[in-house]
Amino acid sequence: MPVRLFAFWLLIGGLLGSIHGSAQQLRPALADTLYLQQSNGAHLSENYRYCTAPFDSPSTPAHADSLWQVGHFQPGPWHRTLNLGFVHRRLWLRLAVVNTLPHPARFLWSLYNYTDSATLYWQRRRDTTFTRVAAASSRVPAAERVFPARALCLPFTLAAGERAVLYLRIDHHAGALYMPSDVTTTEDLLAWEVNYVFYKHWIWLIGFYLSSALFNLVLFAFLRDRIHIWYVLYVVCTTIFLLMEDGLDALLLPAGPYKLLWSIGQFNFMLLASACGLHIMQLFLRLRKGWPWLHRLGTALAVLAIGFVGAYSLLYPTAVRTSGTGLLTLNAAREVLLLATFVYGWVALVAVALTRRRRLAAYFSLTYFFFFTGFLLFWLNHLGLTNLHLLQPNALAWGLFFELLVMNILLTGRFRHTLRQNAQLRIRQLDQRNALGSRLIAAQEEEREQLARELHDALGPNLAALHLAWQGPAMREALASSPAAAAAGHHAELLLRHLRDEVRTFSHSLIPTEPGHNSLAESIATLSELFNLYGNPIVRTYCDEGLDRLPPPVQQAAYRITAELLNNALRHARATEVLVQLLRHSDALEIMVEDNGRGLPSTPSGSGIGLRGVRARTDYLRGHLHIDSSNSGTSVVVRLPC
């Protein structure tokens, strides 16, 4: 297999070489002069000559002309953009022009890539020396340039038929001499710039980038998953890089933010995007759990990249003054970090693909492939190793488009998967809560029943025996000895009877209804009879038919709630009448307890122990509690689903 693959690439290389050789043979002779028209469609590289010189060499056009005289200038690439790649040198462009228009015209020599500084010199036929015509820098926004436009434009005016020799000096320190340029009239440039964002597809590409970022902000608002924040940062950094690549930032941003971005550096935003991409990959592939060492390596690489961007921004002004040595070191380190981040991405994907999570690796590798392909073409052009520009605006913009398209699909799937997981977790939590609540209620019912039996079987008989002993002949004879003793005896007898009745009432109210013995309606009626023994308040009840067919938990809760509300009316409301209604609806049981007492105190409803118990039982069964209280009485409505 490796032999076949090698033979295949050897064949491709031979074909490309033969095509390149044929192109070299078919290349016509380069013109010495550019004959300027209203629109100059011919590629400028067919006419200009270029030369590079060290930054510490003389920056005068006379020095450049001396280099021309000794033959140091060479022709530009045939019908291609000048791309010298990773070169830290000053660039000189020489162009001889003639105005063929029948009238004086203003022309623009435009540079469509970021340039630290560009200065245009000319020598017309009547001049003996070169003079400076215009200078500009991409470090200032478009509104502050000599010609306000997205491109860096250097204007010059020629009379009809006038000739001139132009020298363009370019000082660029970013480590990539890629210089798309053009010479045309002002009217032609403005007509091109008006339709530029549409012709280069920027209008909808930027819209897609921004909508992807907003979409992930919405997903983050729902899930609070950090992957969506890293995604937004990734899109923002990459979009800024692409806008800086085509100079759109000079038109869109005010002076302050524009200068801040370029103090960080265009290619450093790509490095920041790579660091964000590493975090996205780590979260999507769950590297922290499965591959902790790989996760630590990626985190260290991302932190190193972010730290380098900060150091680059601080050291860049000093490095510019070191004749290229410091800049060469900084830019080389940046390229190494960029390469390391993308190599790490493939290593992580291959490592995950060899395990049980190969499906995750396959999904993410598709997104990574699109962007990596676009970035690879862009990066090779950036280094000057290739000069392929097959797409508009560039391969990186389209790679980002397809990557974000697939990534949005994957994150939507992740969003749905997370929602399902959260729903299952909530169901498990509810089941656990219901099971715990059932155990608590069962324990409470058992404790109440035991307490009721103790009251009924132990305290009740003792009170009855005490009452009988108090009514015996000896006690009656002793109490009859004086009127005062008789009055005290009568009072004590009333207290004993009242205490016995209360113990009986409490014991019956603590024991809930039991299916097979008494129905819920009978239990409520018995409870009201016990309360009516006191004569005040008068308790009246009404129960719909079919209450005994309700689920046992609902019957128990209804009995407890009714008993608690009656107890509150008896002890606290000082009511004279209490009405209890249990109404059976198709989907719920409604408990209504109304009294004509003094109402609840001014403290918040549900603050008492009894009402807290009523509210807890209602909430447990997912019911609703409504309390309406005033000085003329209180109405409590409890609705329990059944």
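Residues numbered from 1 in each chain as written. Predicted model: local features only at pLDDT ≥ 70, side-chain atom pairs only at ≥ 80, totals over all residues. Heavy atoms only, no water.

1. So, the packing of aromatic side chains
Heads up, the condition is: Aromatic rings from Phe, Tyr and Trp, with only the six-membered ring used for Trp, were paired whenever their centres fell within 6.5 Å, and each pair was classed as stacked if the ring planes differed by under 30 degrees, edge-to-face if by over 60, and tilted otherwise. Numbering goes from the N terminus for both helices and strands, where a helix is a DSSP run of H or I of at least four residues and a strand is a run of E of at least two. Each residue is placed in one exposure class: buried if its accessible area under a 1.4 Å probe, protein chains only, is under 20% of its type's maximum, exposed if it is over 50%, and partly exposed if it falls in between. Any Lys NZ or Arg CZ found within 6 Å of a ring centre and within 35 degrees of that ring's normal is scored as a charge over the ring.
Enumeration over the complete set of coordinates arrives at 19 aromatic pairs. Aromatic pair Phe73 and Tyr167: ring centres 6.0 Å apart, planes at 65°, arrangement edge-to-face. Taken together, the residues Phe73 in the loop between helix H2 (61-69) and strand S3 (74-75) and Tyr167 in strand S10 (residues 163-171) connect sequence positions 94 residues apart. Both residues of the pair, Phe73 and Tyr167, belong to the buried class. Clustering of aromatic rings is evident, with ring pairs tying together Trp68, Phe73, Trp92, Tyr121, Phe130 and Tyr167. One Lys or Arg, Arg94, reaches over the ring of Trp68 and ends 3.9 Å from the middle of that ring. Note that Arg150 overlies the ring of Tyr196, its terminal NZ or CZ placed 3.7 Å from the centroid.

2. A word on the sheet that holds strand S15 (residues 588-595)
For clarity, the threshold we go by: In this analysis, strands are considered paired if DSSP registers two or more bridges between them. Throughout, an axis means a line fitted to C-alpha atoms (over the contacting stretch in the case of helices), and angles, computed between N-to-C directions, take values from 0 to 180 degrees. By definition in these notes, contact holds between two residues if any of their heavy atoms fall within 4.5 Å.
Pairing within the open sheet is mixed, and its five strands lie in the order S13-S14-S15-S17-S16. Lying at the two open borders of the sheet, with one neighbouring strand each, are strand S13 (538-543) and strand S16 (624-630). The average undirected angle you get between the axes of adjacent strands in this sheet is 10°. Set on the sheet, helix H17 (residues 520-532) makes contact with S13 and strand S14 (577-584); between it and S13 the angle comes to about 170°.

3. Description of the side chain of His279
Within the secondary structure layout, His279 lies in helix H9 (residues 266-285). Apart from residues no more than four positions distant in its own chain, His279 is found in contact with Trp230 and Ala302.

4. Considering the pairing of strand S2 (residues 49-53)
In terms of burial, S2 is largely enclosed, as four of its five residues are buried. Pairing analysis gives two bridges linking S2 to S3, with the strands arranged antiparallel. Looking across to S3, one finds that Tyr50 is bridged to Gln74. Bridge analysis of S2 against strand S5 (residues 90-99) gives five bridges, and the strand direction is antiparallel. Residue pairing in the sheet places Arg49 in a bridge with Arg94 of S5.

5. Quick notes on the pairing of S10
Most of S10 sits inside the fold, with eight of its nine residues counted as buried. The pairing of strand S7 (residues 117-124) with S10 spans eight bridges and is classified as antiparallel. Directly across from Gln123, in S10, lies its bridge partner Val165.

6. Considerations on the pattern of salt bridges
Selection rule: We define a salt bridge as a contact between a side-chain nitrogen of Lys or Arg and a carboxyl oxygen of Asp or Glu at a distance within 4 Å.
All told, the structure shown has 11 salt bridges when counted by the stated rule. Where Asp116 meets Arg139, a salt bridge forms, and the shortest distance between an N and an O atom there is 3.5 Å. Of this pair, Asp116 sits in the loop between strand S6 (105-111) and S7 while Arg139 sits in the loop between strand S8 (131-136) and strand S9 (152-158), placing them 23 residues apart in sequence. For Arg139, a relative accessible area of 28% corresponds to the partly exposed category. One salt-bridge network, in which partners are shared between bridges, spans Arg124, Arg126, Asp127 and Glu162.

7. Here's the deal with the state of the cysteines
Using the following cut-off: Note that a disulfide, as used here, is simply two cysteine sulfur atoms within 2.5 Å.
Enumeration according to the criterion identifies zero disulfides in this entry. This cysteine, Cys276, is not joined by any disulfide, and Cys237 carries the nearest cysteine sulfur, 4.8 Å off. We classify Cys276 as buried; its relative accessible area is 6%.

8. Things to note about the packing of H9 against helix H12 (residues 325-353)
Short version of the rule: Angle categories are assigned with fixed cut-offs, so that under 35 degrees is roughly parallel, over 145 is roughly antiparallel, 65 to 115 is roughly perpendicular, and the rest are oblique. Crossing handedness: left-handed means the near helix sits turned counterclockwise from the far one by under a right angle, and right-handed means the same turn made clockwise.
The contact between H9 and H12 brings their axes to 10 Å, and the two run at 15°. The orientation of H9 with respect to H12, classified from their angle, is roughly parallel. The crossing of H9 and H12 is left-handed. In this structure, H9 contributes Phe267, Asn268, Met270, Leu271, Ser274, Leu278, Met281, Gln282 and Leu285 to the contact, and H12 contributes Arg334, Leu337, Leu338, Thr341, Phe342, Tyr344, Gly345, Ala348, Leu349 and Val352.

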